[in-house]
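Below, each chain spelled out in residue letters.
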Amino acid sequence: MAVHEDSNAHKKKSSDALDEIPTFNVENMQNNTRVINYSRTFMSIIGGVIAGILGFTGLMGFIFYFLVMAITTVGLAAKTGFAVHSYFDSWNRIVLDGILGGLLQTSSCGKIHCFPP
């Protein structure tokens, strides 16, 4: 993951906190968001395979999916060293982005029978 650039690091620290606005590199933010989406997609596939092998359907399948996404979120936060604001603009990027999208993909794939019986 790419770290945002702090252009004020070499300047003197001001005593007023309002003067210090963090700056983010747009390309790094897009790359980090892409990494989150790829990670969540991969973990959705792996979680779906494991849920299928274990026979989790219905409510147990949903609970298992959210458990896998929670583990993925903790893993992504650990990858950043729990300094999420160095890589993203807010915690919402790492906690919420892509969770419901993966659920929509897996549920719609099951409804239209993506794989032959």
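Residues numbered from 1 in each chain as written. Predicted model: local features only at pLDDT ≥ 70, side-chain atom pairs only at ≥ 80, totals over all residues. Heavy atoms only, no water.

Engineer: Can you help me understand helix α1 (residues 26-54) in this one?
Structural biologist: Residues that lie three or four places apart on an α-helix share one face, since the helix turns once every 3.6 residues. Across its 29 residues, α1 extends 42 Å between first and last C-alpha, which sits within 8% of the 42 Å expected from 1.5 Å per residue. At the N-terminal boundary of α1, the capping side chain belongs to Asn 25, with an oxygen 3.1 Å from the backbone nitrogen of Glu 27. (Helix = DSSP H or I, 4+ residues; strand = E, 2+ residues; numbered from the N terminus. Expected span 1.5 Å × (residues − 1). Polar contact = N/O pair within 3.5 Å; in protein donor to acceptor, adjacent residues only side chain to side chain.)

Engineer: Would you mind going over the nonpolar core with me for this structure?
Structural biologist: Proteins that are soluble and globular tend to have nonpolar side chains buried together. Ile 36, Leu 76, Ala 77, Val 84, Tyr 87, Phe 88 and Ile 94 form the largest nonpolar core, which has 7 residues in total. Of all hydrophobic cores here, the second largest spans 6 residues; its members include Phe 64, Tyr 65, Met 69 and Ile 99. (Core = buried A, V, L, I, M, F, W, Y, C linked by side-chain atoms within 4.5 Å. Buried < 20%, exposed > 50% of the residue type's maximum accessible area, 1.4 Å probe, protein only.)

Engineer: It is not clear to me how the packing of aromatic side chains should be interpreted in this structure. Could you clarify?
Structural biologist: By convention here, two paired aromatic rings are described through the distance between centres and the angle between planes. Enumeration over the complete set of coordinates arrives at 2 aromatic pairs. The interplanar angle of 55° and the centroid separation of 5.3 Å between the aromatic rings of Phe 56 and Phe 64 together place this pair among those described as tilted. Classification of Phe 56 as partly exposed rests on a relative accessible area of 27%. For Phe 64, a relative accessible area of 15% puts it in the buried group. Considering the side-chain rings of Tyr 65 and Phe 66, the 5.5 Å spacing of their centres and the 75° angle between planes classify their relative orientation as edge-to-face. The class of Phe 66 is partly exposed, set by a relative accessible area of 38%. (Phe/Tyr/Trp six-rings, centres within 6.5 Å; stacked < 30°, edge-to-face > 60°.)

Engineer: Hey, could you run me through the environment of Tyr 38 in this one?
Structural biologist: Take Tyr 38: it is sitting in helix α1. Tyr 38 gets classed as exposed once you look at its relative accessible area, which sits at 57%. Between the alpha carbons of Tyr 38 and Gly 98 there is a distance of 9.2 Å; along the sequence they are 60 residues apart.

Engineer: Is there a simple way to think about the UniProt feature "transmembrane region" (unreviewed entry) in the chain in this case?
Structural biologist: Within the UniProt annotation, "transmembrane region" (unreviewed entry) is assigned to residues 38-56 and 62-84. What you have in residues 38-56 is 89% helix and 0% strand, and the ends, taken at the C-alpha atoms, are 24 Å apart. The annotated region residues 62-84 carries 78% helix and 0% strand content, and the separation between its end C-alpha atoms amounts to 27 Å. (UniProt positions renumbered as here; feature names shortened; annotations may be inferred.)

Engineer: In this structure, what is going on with the environment of Asp 89? I would like to understand it.
Structural biologist: Mapped onto the fold, Asp 89 is located in the loop between α2 (59-79) and α3 (91-95). For the pair Asp 89 and Phe 24, spaced 65 residues apart in sequence, the C-alpha separation works out to 7.9 Å. If near-sequence neighbours (up to four positions away) are discounted, Asp 89 is found in contact with Phe 24 and Met 29. (Contact = heavy atoms within 4.5 Å.)

Engineer: Is there a simple way to explain α2 in this structure?
Structural biologist: Over its 21 residues, α2 runs 30 Å from end to end, which matches the ideal 30 Å to within 8%, given 1.5 Å per residue. Among all positions in α2, only Phe 64, Tyr 65, Val 68, Met 69, Thr 72, Thr 73, Leu 76 and Ala 77 are buried. Within two residues after α2, Gly 81 carries a phi angle of roughly 70°, on the positive side.

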